[in-house]
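The lines below spell out each chain.
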Amino acid sequence: MLSRVAERIYWLARYLERAENTARLVSTYHFLLLDLPKGAQVGWRALPVITGGQTQFAERYARADERNTLRFLLADAANPGSLANSVAWARENCRTSREELPGEAWEQINELHLFVTERVASALARGGRFEFLSGVIRRCQQLTGLLHGVMSRGHAYDFIELGRHLERADMSSRVIDIGTQGHPLSDRPRDEAVQLDVHVWTSILKALTAYQMYRKDLRIAVNDTDVAAYLLHDGNFPRSVRHCLNEIESSLGNLPLHRDMLRRVRSASHVLDQIKPAELGAAGLHQGLDGLQIGICAIHEGIRETWFRG
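Within each chain, residue numbers correspond to sequence positions counted from 1 in written order. Totals for whole chains, interfaces and linings use every residue, but because this is a predicted model, local features are given only for residues with pLDDT of at least 70 and side-chain atom pairs only at 80 or more, for both listing and counting. Hydrogen atoms and water are omitted, and side-chain values are computed over all heavy atoms in the structure.

Q: Explain the domain arrangement of the chain to me, using residue names and the numbers behind them.
A: A common way to express how large an interface is: the accessible area buried when the components associate. What the domain assignment reports for the chain is domain 1 (1-151) and domain 2 (153-310). For each domain, the first and last residues come from an automatic or database assignment. On a C-alpha basis, the centres of domain 1 and domain 2 stand 19 Å from each other.

Right, dumping it as structure tokens:
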């Protein structure tokens, strides 16, 4: 496989996963704000932080209100990580790699692109937001399921798996990190602060579609340390960081020149092993997640240097 084709397929998977994750995040955060106790000071500013676009957002928008934040995350052509741009770039990478992909993938990604282009503006108002975001998630899942169900398990599929699981690990770690940053409550009583904490961590679970599995697997109430541990370390849950790193390691083993890459993945896994939410305070957990993010970035750089520079 040519290096440029491998790179396009890798980024197709990353952009598709990014679009779905963005839709999940915005949808979940929308309902979190509706359900919070009256007077809780949690605003829209957290979302650009989660996606890593806070600097660019601050440069382009004077206020971190609902409409500006949603425009930036969903529709802003100048934001490389916006949902609309992610879908557009996924489509372009699919178009230029069609010989390696099922024909139905091109049809479905065109449908997704048309859906986003025609309806993304409706998500800026609350009335059409849920329908639009649900439609994006559903179409992304259909395309992911198609690729999983009909592609031969060759190198093209391995690069799709690398892109999907690296993007997923990145987003999961970012979403968990937002729960460590605290939420100013002025002089609220302790029981109300605990109630807010439960709301926040429940929303973190829902953003990763993990709430039902968390309750089924752990059979305990939502709390910060158990949620963080589950999303970081549970190898059986597909969106946990542990599961994603395991899948990345498995896919790398099928590719040539993978020895250095396996070292990078195992280094990130070692950092993950050291993150024990029950033993760390918020500051320690945040520091550990920063180290994990550095490890995830190192895996991406290794993939780029090993296979995409040819």
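Having seen the structure, we can now continue with the description.
Q: Lay out the environment of Met213 with the relevant residues and their values.
A: Locating Met213 in the fold gives a position in helix H10 (residues 211-218). Looking at Met213, the relative accessible area reads 30%, which means it is partly exposed. A C-alpha to C-alpha distance of 15 Å links Met213 and Ser172, two positions 41 residues apart in sequence. Whether two residues are in contact is decided by their heavy atoms: any pair within 4.5 Å suffices. Excluding anything up to four places from it in sequence, Met213 contacts Leu218, Tyr230 and Phe237. Numbering of helices and strands runs from the N terminus; a helix is a DSSP stretch of H or I covering at least four residues, while a strand is a stretch of E covering at least two. Relative accessibility thresholds used throughout: buried, under 20% of the residue-type maximum; exposed, over 50%; partly exposed, between the two (1.4 Å probe, protein chains only).

Q: Summarise the layout of surface pockets; cite the residues concerned and give the values.
A: Roughly 480 Å³ of volume is contained in the largest pocket. The way it works is a 1 Å grid over only the protein atoms, where trapped points that fit a 1.4 Å probe form a cavity and open points with protein on both sides within 12 Å along at least five of seven lines form a pocket, and then any residue with an atom within 4 Å of a point lines it. Lining the largest pocket are 22 residues; nearest its centre among them are Arg18, Thr51, Glu167, Asp170 and Arg174. Where the lining of the largest pocket is concerned, the elements lending two or more residues are helix H1 (3-35), helix H2 (46-51), helix H4 (66-75), helix H8 (155-178) and helix H14 (282-307). For the lining of the largest pocket, the per-class residue count stands at nine nonpolar, eight polar and five charged. Each of domain 1 (1-151) and domain 2 (153-310) gives at least three residues to the lining of the largest pocket. Grid points are joined across faces, edges and corners, and a volume is the space filled by probe spheres set on the points. The classification used treats Ala, Val, Leu, Ile, Met, Phe, Trp, Tyr, Cys and Pro as nonpolar, Asp, Glu, Lys and Arg as charged, and all other residues, Gly among them, as polar.

Q: Before we move on, could you go through the side chain of Asn85 and cite the residues and values that matter?
A: Structurally, the position occupied by Asn85 is in helix H5 (residues 83-95). Looking at Asn85, the relative accessible area reads 15%, which means it is buried. Ignoring anything within four residues of it in the chain, the contact list for Asn85 reads Asp76, Ala77, Asn79 and Pro80.

Q: So, the packing of helix H6 (residues 103-119) against helix H7 (residues 126-150): which residues are in play, and what are the values?
A: Two packed helices can be described by the angle between their axes and the distance between those axes. An axis is simply a line fitted to the C-alpha atoms; with a helix, the fit covers only the stretch in contact. Between two such axes, the angle follows the N-to-C directions and lies from 0 to 180 degrees. Across the interface, H6 lies against H7 with an axial gap of 10 Å and an inter-helix angle of 170°. Relative to H7, the element H6 lies roughly antiparallel. Packed against H6, whose contacting residues are Glu104, Ala105, Gln108, Ile109, Leu112, Phe115, Val116 and Arg119, the element H7 presents Glu131, Phe132, Gly135, Val136, Arg139, Cys140, Gln142, Leu143, Leu146 and Leu147 at the interface. In the contact of H6 with H7, the residues fall into eleven nonpolar, three polar and four charged. Roughly parallel covers angles under 35 degrees, roughly antiparallel covers those over 145, roughly perpendicular covers 65 to 115, and oblique covers all other angles.

Q: Go over the packing of helix H12 (residues 241-252) against helix H13 (residues 259-274), please, and point to the residues and values.
A: Where H12 meets H13, the closest approach of the two axes is 10 Å, and the angle between their N-to-C directions is 165°. As summarised for this structure, H12 and H13 are arranged roughly antiparallel, according to the angle between their axes. Here H12 and H13 pass one another in a crossing that is left-handed. In this structure, H12 uses Val241, Arg242, Leu245, Ile248, Glu249 and Leu252 to contact H13, whose residues at the interface are Met261, Leu262, Val265, Arg266, Ala268, Ser269, Leu272 and Asp273. The class makeup of the residues in the contact of H12 with H13 is nine nonpolar, one polar and four charged. Here a crossing is taken to be left-handed if its near helix is turned anticlockwise relative to the far helix by less than a right angle, and right-handed if that turn runs clockwise.

Q: Please provide a residue-by-residue account of the packing of aromatic side chains, values included.
A: Any two aromatic rings considered together are summarised by their centre-to-centre distance and by the angle between their planes. Pairing of aromatic rings covers Phe, Tyr and Trp, the last counted by its six-membered ring, and requires centre-to-centre distances within 6.5 Å; plane angles under 30 degrees mean stacked, over 60 mean edge-to-face, and any other angle means tilted. Going through the model one piece at a time under the given rule, you end up with twelve aromatic pairs. Both rings, one in Tyr10 and one in Phe308, keep their centres 5.3 Å apart while their planes meet at 55°; by these two values the pair is tilted. Of the two residues, Tyr10 sits in helix H1 while Phe308 sits in the segment after H14, which places them 298 residues apart along the sequence. Of the two residues examined, Tyr10 and Phe308, each falls in the buried class. Ring geometry for Phe159 versus Trp307: centroids 5.8 Å apart, planes at 80°, classification edge-to-face.

Q: Account for the state of the cysteines, naming residues and giving values.
A: By definition, disulfides here are pairs of cysteine sulfur atoms that lie within 2.5 Å. Under the definition given, this model contains zero disulfides. Cys94 takes part in no disulfide bond, and the closest cysteine sulfur, belonging to Cys140, lies 13 Å away. We classify Cys94 as buried; its relative accessible area is 2%. With no disulfide of its own, Cys244 has Cys297 as its nearest cysteine by sulfur position, at a separation of 15 Å. Judged by relative accessible area, Cys244 falls into the buried class, the value being 0%.

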